[in-house]
Each structure stands twice: as structure tokens, then as C-alpha cells.
Amino acid sequence: MAAGILEPSAERLCRNFWSGSSHFMAGEKECVALALGNAAGLEEAPASGNDPTAAGDDEEEEVRNDGDQEGRSKGLRKCVQNLPWSMGGDAFKRLLEEQDIKFASAKKRKGKTVGFVEFDAAEHAEHAKVKLEAMTGSKGKKPKVSDALPRSWEADETGNGDAKEENAEPPKDVSEVVTPLASQSYEEQLREKRDGVATVLRKFVRHTRKCCVHGTPVPEWLTPGKEKGGMACDFEGIIASPVVEGYRNKCEFSIGSSADGESVVGFQMGMFRKGITAIGNPRNCRNVSDIAKFYAGALESFIRTSEFQVWNKENNSGFWRMLTVREGRHPRTCEEKVPTVAEVMLVVQVSPSGIANDAKMKEYERMARELSSAAFSASPPVTLTALLVQEHVGVSNAAPADAPLISLAIPGTEVSVQHIHDYIGDLQFRISPTAFFQVNSFAAEKLYALAGEWAGLGPNTLLFDICCGTGTIGLTLARKVGMVVGIEINADAVTDALTNAKLNDISNCRFVCAKAEDVVNKLLNEYEVLPEESSEDNAMDTDKKRFSNVVVIVDPPRSGLHPTVTKALRVHSRLKRLVYVSCNPDTLIANSIELCAPSSTADKQKNGRGMNIKGMSSMGYARQRMKNMPNSEPFKPVKAVAVDLFPHTHHCEMVMLLQR
């Protein structure tokens, strides 16, 4: 089931909040790749992060007022029920402050009637209980304050709280976690992923058929014959990655302690909620490049000489947290299968709480000297272009977009740099520290070329690139269309996209920094789409923003497209072709249901507030939303293909063409 869709009982919510459950981790924005398991079932990707093969946290960011929670009593974690469903986290904190309630952290999501508060002292918790339970809450009910259930790894052996999860036995090597398919031949890996995508396409048929009730006609594609194997459309198999070893241009290494207590820069050996906190050395991870392994080792050697401690996930303390290595390559020549690395960016994440500014800056400078010395003294020397420090004091390593970034000057250079460059085809792309860029640029070339081929582009085409990141898809296709309009929420990525257009002398692109759900309808209506029989000369009068063909390519995050976006795309009658690059099998199916299911002949619901979505899957929720979908012509799934961007893992991307 998709994260962020379920609404468990209040008691379960209490447990999930303090355990960092994925039910509270519906990501707003960060592009992640499709996670597909074997034919027996599908395995979910991490709920956050840029891609599913990065080493991510399985705990949630908490909103803090002060300090950390080390040593804080579990009895000071409280669950507040019967809050207004429309209240968000900021409003919840304001409420607490207005009631003169002192708290350490607070959490509340819109659409939920439960909030969570953590206190520093018992008298603060008791004061909050009295104040809150004297108020009137959701639907006239008074708020109820109770203890939050302990996290599974905190439950004691005497039986208090939930039964403690049995600690999982960590694997012998972290490569078993990071690259679980590495022991198989690449042909076997592709076969397993192909079967997983076929399962998704059959699942799509089953769930969409459930929308055909109350006399709603069943479209022909929902009765697939044996020639399609019960799938929604033609399935063209899986496209292999051109490179299968060391292909990642971005690696996020955790910093912590090994099972032997040594400071290590690598990947976590298992899930935190299962009691596994040890970090393993990445030396045997076949998807990690030699350069990334080199810098992980160089930083590890430096940290072992530092007076500051590595991050401890059990008590949320320490200084050194994470290392991100990003690589930019030279443009590939015809003779090269794998181009050489031209630029390298290092981003070291730290938690500077309680550290004097002079002390930390001195340590940053010492780190810069040691890393540059290691790079330049290596044989052959290793590239180092940009070195930054990201300061972040939250519980999870997933830092907010506005987390401070300090650019450090590399000894021997005059200026500090905050970006690197990479190539897709013959186009150069500038990459900022937090901007999304496909981690396998070799396979991404195949992915984007395929998306452009299926989109049916021409000089009279207006191409919308929704969730465009640094503009990679739109820019690679810009010379085939009249105009590209990209929509992206990450401001740094939009800045990079605009720069990338200038770098490549592309002038027919417009990039909008906003949530797609806030602007897509306005933008679709801003451009005049002429009838298909209009002359090409008239259609290309870009001063009047007139086109005879509008095409959309979407590459959404794991959470999928917002319902407002799917509705706008479906009801825009001039939009005939849509290419969906999938990030998640569940949200792919959910979004495709809303785009492809026939309009219901039953009376439309007045609003969605009366829907009981408790325990509902993302597909079930999509079927409910279809009851409010305006009568409109549905899309039809035409064909689908998988693209393997992540060899040696269960993950791959999926592309589906929808048409009407």
C-alpha cells in the first residue's frame, strides 16, 4: 500500500509516529525510481529520497522547538485525538503556543484528526492535558490526550507496551542489502524485473474494472485476450542498462558505527525499526563507482581523527551524518562505452547543535585540506570540483530544501564551486547539490529517447514536462517541438533548468517553479490549441502561443501525481497523448485509473469529505475519486516498457503511453 494514503486507528497512529512509520511519509517532491519486486510480489521502495537504491532513513523528520530527545522519558510522548481534520502542523504548534503549552516537538497532518506532542517535563505534559481536554475539538468532540505507544525497539522485555520486535540478524555484507540481485546473472535480473512489470499491468486491469459499475460501459482494453497475457496493453519487455557496474553518478553514504563500534562511511546494514543501526563498508557494492568508494574511504579516515562524534541513530546525537558524492562525466565519444569522470561534488551533512561556530569552521577547513590532499596524492589523482557542508539538525537525514549549505574552498583553488555538470546525449546539464538528476545517465538517455519517440512530437507540438527536475526530458526533446513548458517544485532545480537551456542554446523552453497541482490547469489553458487540421504555419505562431498538438510527459515522485493534476489532464479535451514515466507501481496504477477508467454514469458525489478512506489503498482511493470525475473522454493504455536504471537491485523505471 502506498505511503500517505492509509488512515490507521488513532492507537496505531501513535505507534507509527514515534516509530517513524512510512504511513506518515508521503513525499511532496523528489523524484524516485519505480520499485518492482519479483513475479511473486512487488516490493515497495523507500518512501523518500531521490531514488530507491539510495541508503535512506526509515524514520521520520520531527518538527522541533529545541534540543534533542536523548534521555527523554517515553511517558512524555503524547497522542492528541479529535483535532480538526483541516489543521496542519504549523496551526497545531500555534494552538499549543496560544494555550501557553511548553513542548519539545509537535506533529499534525492535514486530513488527520490526531496530533503528536513530546514534552521535556511531566508538569508540561500534565498542563497540556488539562488545557487541551478543556477545549472543543473535531465535530464537537473534546480532544483526548493519552500516552503514545513506545516504538517497537523501545518496548521492554517485561511486556509493557507492544511486544518488542525481534532484532533482525544483519547480513554479512552490506552489498546484500544494497545490491540484492548481484549474485544473479544480468539476464536473470532483467527477467525478474520484466515479470514484475507484467504483474503491475495485470493489476491495473483488475482495479480499473472495479470502476465499471452502475451500468458504466467496459472499454475493450479492459477485456484483454490471451495475446496480451491479461495485461492492460502491449508490453514491450525491458531495456537493459548500457552499463551495469559502478553506474551510479550519485551515492548517499550514511556515517555511523560498524557492528564493531568503528566509525564508518557506508550504507546501513538493515532497517532501523528492526534494531539494525550498524553501517557497512560499500567496497563490494557493484553499483557504486570507484570514485565514490574512494571518497567514502577518505572521509572515513578523516572522521576517525576528528574530535566530533559520528551520528548515533538510537539517541539522535553526533556531528557527522552523511556524505553525498555526485559525479559529472565528459561527453561520450563514439569510441567510448563509459566516458571518464570530469567533475566531482562532495556534500558532507553534519548536525552542528551545541558546537561553537569557530570550532566547526576550523574542522570544516581541516576536512577540506585532508580530502583534497587524499584526492591529489592518489595514483592517478582523483577529481575534486566542489566541496560543501550541509548543516541539518533534524532526526532524519532527509534535510529540508532550505537547510544551510556552506561552500568550502578547495586548497589550491581560488573560488568555491556549488555545482557540477553532466551530459545526456550531446546536451550539458548543470547540477546543484540538492537537484534531482537520474543516477544512471547512460540508461536515462535510452529512457528519454523512448519517451520522445512515443510522444509523437513535431514542430507544431506544445510539450508539457511535468515534474521536470533540471529540465532533462524537456531539453533533450526541445529541438523536436515548438515549445516546452516544464513544471518543477524545487527552486534550485528550476534555476538549473534555466541555466541548462542557456548552456545548450535552447530558447523554446519555459520553466515554472510551483507545485504542479497549483498551476497545471492554468498553464494548459494559457496556450491556444488549434484544431488538428490547422496549417502548420499558423500553429507555429508562437507569439500568439498557438499550437495544433499538445503532449504531456509526466515523471512524478513516488507519491504520484496530485489528484488535481490528473483531473486537469483528463478533462483537457485537446490533450490526446500522455507519456507516464513511473516512479511507483501503486501510484502508477492509481493515477492511470483516474486517467483511463470510463466516466461513471452514476450521480456524482457533491464532495469527497464524506468518503471513508480509512484503510483504503491508493487504488481504492483513486476509484473513489473517479466518482467525482467530470464526464470526459478517458485515455487508453497503448503500450508499456521497463527501463533498467538500477542493475543489481529490484528496481527499474516503467514507461506507459496513454492515448485518446
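Small disclaimer: the values here were computed from a predicted structure and weren't measured.

Participant: Explain the overall build of the protein to me, using residue names and the numbers behind them.
Facilitator: Each helix and strand counted, the protein has 15 helices and 24 strands in total. For the protein, the residues scored as buried account for 56% of the 660 residues in total. Contacts spanning at least 24 positions in sequence make up 71% of the contacts within the protein whose residues lie at least 6 apart.

Participant: Outline the environment of K108, listing residues and values.
Facilitator: With respect to the element layout, K108 can be found in strand 3 (residues 105–108). We classify K108 as buried; its relative accessible area is 4%. When the C-alpha positions of K108 and A91 are compared, they lie 8.6 Å apart, and in sequence the two are 17 residues distant. If we ignore the near neighbours within four places in the chain, the residues touching K108 are L83, P84, W85, M87, G88, G89, F92, T113, V114 and G115. A polar contact is formed between the side chain of K108 and the backbone oxygen of K112, at a distance of 2.5 Å.

Participant: Before we move on, could you go through the nonpolar core and cite the residues and values that matter?
Facilitator: Judged by nonpolar contacts, the single largest core of 61 residues is most densely connected at L201, F464, I466, L569, L578 and I593. Here the element with the most residues in this core is helix 5 (residues 186–209); it accounts for 8 residues. When sequence neighbours within four positions are dropped, the list of residues in contact with L578 reads V552, V554, L569, L595, F635, M656, L657 and L658. Membership of the second largest hydrophobic core comes to 46 residues, among which are V243, A501, I506 and V551.

Participant: A description of helix 14 (residues 585–596) should follow, citing residues and the corresponding values.
Facilitator: The periodicity of an α-helix, 3.6 residues per turn, causes residues three or four positions apart to be oriented the same way. Taking 1.5 Å of rise per residue, the 12 residues of helix 14 would be expected to cover 16 Å, and the 16 Å separating its terminal C-alpha atoms lies within 8% of that figure. The buried count for helix 14 comes to 12 of 12 residues, which makes it a mostly enclosed element. Among all positions of helix 14, only P585, D586, T587, L588, I589, A590, N591, S592, I593, E594, L595 and C596 are buried.

Participant: Please provide a residue-by-residue account of the pattern of salt bridges, values included.
Facilitator: Enumeration according to the criterion identifies 18 salt bridges in this entry. Residue R479 is joined to D426 by a salt bridge in which the shortest nitrogen-to-oxygen separation is 4.0 Å. Note that R479 is positioned in the loop between helix 9 (472–477) and strand 17 (483–488) and D426 in the loop between strand 14 (420–424) and strand 15 (427–431), a separation of 53 residues in sequence. Just as R479 is exposed, D426 falls in that class too. Salt bridges sharing partners connect three or more residues here, namely E262, E300 and R304.

Participant: Could you give an account of the environment of V554, naming the residues involved and the relevant values?
Facilitator: In this fold, V554 is placed in strand 21 (residues 549–554). In the structure, V554 is positioned 24 residues away from L578 in sequence and 7.7 Å away in space, judged by C-alpha atoms. Discounting residues that sit within four places of it in the chain, V554 has contacts with I466, L561, L569, L578, V579, Y580 and V581.

Participant: Give a detailed account of the sheet that holds strand 22 (residues 575–582), specifying residues and quantitative values.
Facilitator: On the basis of which strands lie adjacent, the open sheet formed by 8 strands has the order 6-23-24-22-21-16-17-18 and mixed pairing. Strands with a single pairing partner mark the edges of an open sheet, and in this sheet they are strand 6 (234–239) and strand 18 (509–513). Here the average twist between neighbouring strands, direction ignored, is 15°. As paired strands, strand 16 (residues 461–466) and strand 21 are joined by 6 bridges and run parallel to one another. In the strand pairing of strand 21, L462 is matched with V550. Each of strand 6, strand 23 (636–643) and strand 24 (653–659) is contacted by helix 5, which is oriented at about 150° to strand 6, the strand it contacts most.

Participant: Tell me about the confidence of the model for the protein, residues and numbers included.
Facilitator: In the predicted model, the protein carries a mean pLDDT of 80, and the fraction of residues at 70 or more is 77%. Note that residues 152–166 has pLDDT below 50 and, in this model, 21 contacts with residues that lie over four places away or in other chains. Contacts of residues 533–542 to residues separated by more than four positions or lying in other chains number 14 contacts, the stretch itself having pLDDT below 50.

Participant: I'd love a proper account of unusual backbone geometry, names of residues and values included.
Facilitator: Trans peptide bonds make up most of the peptide bonds, and negative phi angles are found at most residues other than glycine. P380 follows S379 through a cis peptide bond whose omega is -5°. The residue P380 is located in the loop between helix 7 (357–377) and strand 12 (386–391) in this model. A positive phi is found at C467, a non-glycine position, where the angle reads about 65°. Mapped onto the elements of the fold, C467 is located in the loop between strand 16 and helix 9. For C467, a relative accessible area of 12% corresponds to the buried category. For H648, which is not glycine, the phi torsion reads 75° and is therefore positive. For H648, the position within the fold is in the loop between strand 23 and strand 24.

Participant: Run through the packing of helix 11 (residues 516–526) against helix 13 (residues 563–571), naming residues and quoting values.
Facilitator: Following both chains from N to C, one finds helix 11 and helix 13 inclined at 15°, their axes separated by 8 Å at the closest point. With respect to each other, helix 11 and helix 13 are oriented roughly parallel. Helix 13 is crossed by helix 11, and the crossing has left-handed handedness. For the pair helix 11 and helix 13, contact is made by A516, E517, V520, N521 and L524 and by T564, V565, A568 and L569, respectively.

Participant: Give me a negative patch on the surface: which residues, what numbers.
Facilitator: Taken together, the side chains of E227, D234, E236 and E453 present a region of like negative charge at the surface. When its relative accessible area of 47% is taken as the criterion, E236 is described as partly exposed.

Participant: Residue-level account of the sheet that holds strand 13 (residues 405–408), with values.
Facilitator: Strand order in the open sheet formed by 7 strands is 9-8-7-10-11-12-13, with mixed pairing between adjacent strands. Each edge of the open sheet carries a strand with a single partner, namely strand 9 (279–280) and strand 13. Contacts between helix 6 (residues 290–303) and the sheet are confined to strand 7 (250–257), strand 8 (263–268), strand 10 (320–329) and strand 11 (341–350), with strand 10 contributing the most and set at about 150° to the helix.

Participant: Could you give me a rundown of the packing of helix 5 against helix 14, with the residues and numbers involved?
Facilitator: At a closest axis distance of 10 Å, the pairing of helix 5 and helix 14 adopts a crossing angle of 45°. Classed by the angle they form, the pair helix 5 and helix 14 counts as oblique. As for the relative orientation of helix 5 and helix 14, their crossing is right-handed in sense. Contacts from V200, K203, F204, H207 and T208 of helix 5 reach helix 14 at P585, D586, L588, I589, S592, I593 and C596. Taken together, the residues of the contact of helix 5 with helix 14 break down into 7 nonpolar, 3 polar and 2 charged.

About the thresholds
- Residues numbered from 1 in each chain as written.
- Predicted model: local features only at pLDDT ≥ 70, side-chain atom pairs only at ≥ 80, totals over all residues.
- Heavy atoms only, no water.
- Helix = DSSP H or I, 4+ residues; strand = E, 2+ residues; numbered from the N terminus.
- Buried < 20%, exposed > 50% of the residue type's maximum accessible area, 1.4 Å probe, protein only.
- Contact = heavy atoms within 4.5 Å.
- Polar contact = N/O pair within 3.5 Å; in protein donor to acceptor, adjacent residues only side chain to side chain.
- Core = buried A, V, L, I, M, F, W, Y, C linked by side-chain atoms within 4.5 Å.
- Expected span 1.5 Å × (residues − 1).
- Salt bridge = Lys/Arg side-chain N within 4 Å of Asp/Glu carboxyl O.
- Pairing = 2+ DSSP bridges.
- Axes fitted to C-alpha atoms, helices over the stretch in contact; angles between N-to-C directions.
- pLDDT = per-residue confidence, 0-100.
- Parallel < 35°, antiparallel > 145°, perpendicular 65-115°, else oblique.
- Left-handed = near helix turned anticlockwise from the far one by under 90°.
- Patch = residues over 30% accessible without salt bridge, like charges linked within 9 Å, V, L, I, M, F, W, Y side chains within 5 Å.
- Areas by Shrake-Rupley, 256 points an atom, 1.4 Å probe, with all protein chains shown as cover.
- Lys, Arg positive; Asp, Glu negative; His and termini not counted.
- Charge placed at Lys NZ, Arg CZ, Asp CG, Glu CD.
- Nonpolar A, V, L, I, M, F, W, Y, C, P; charged D, E, K, R; others polar.

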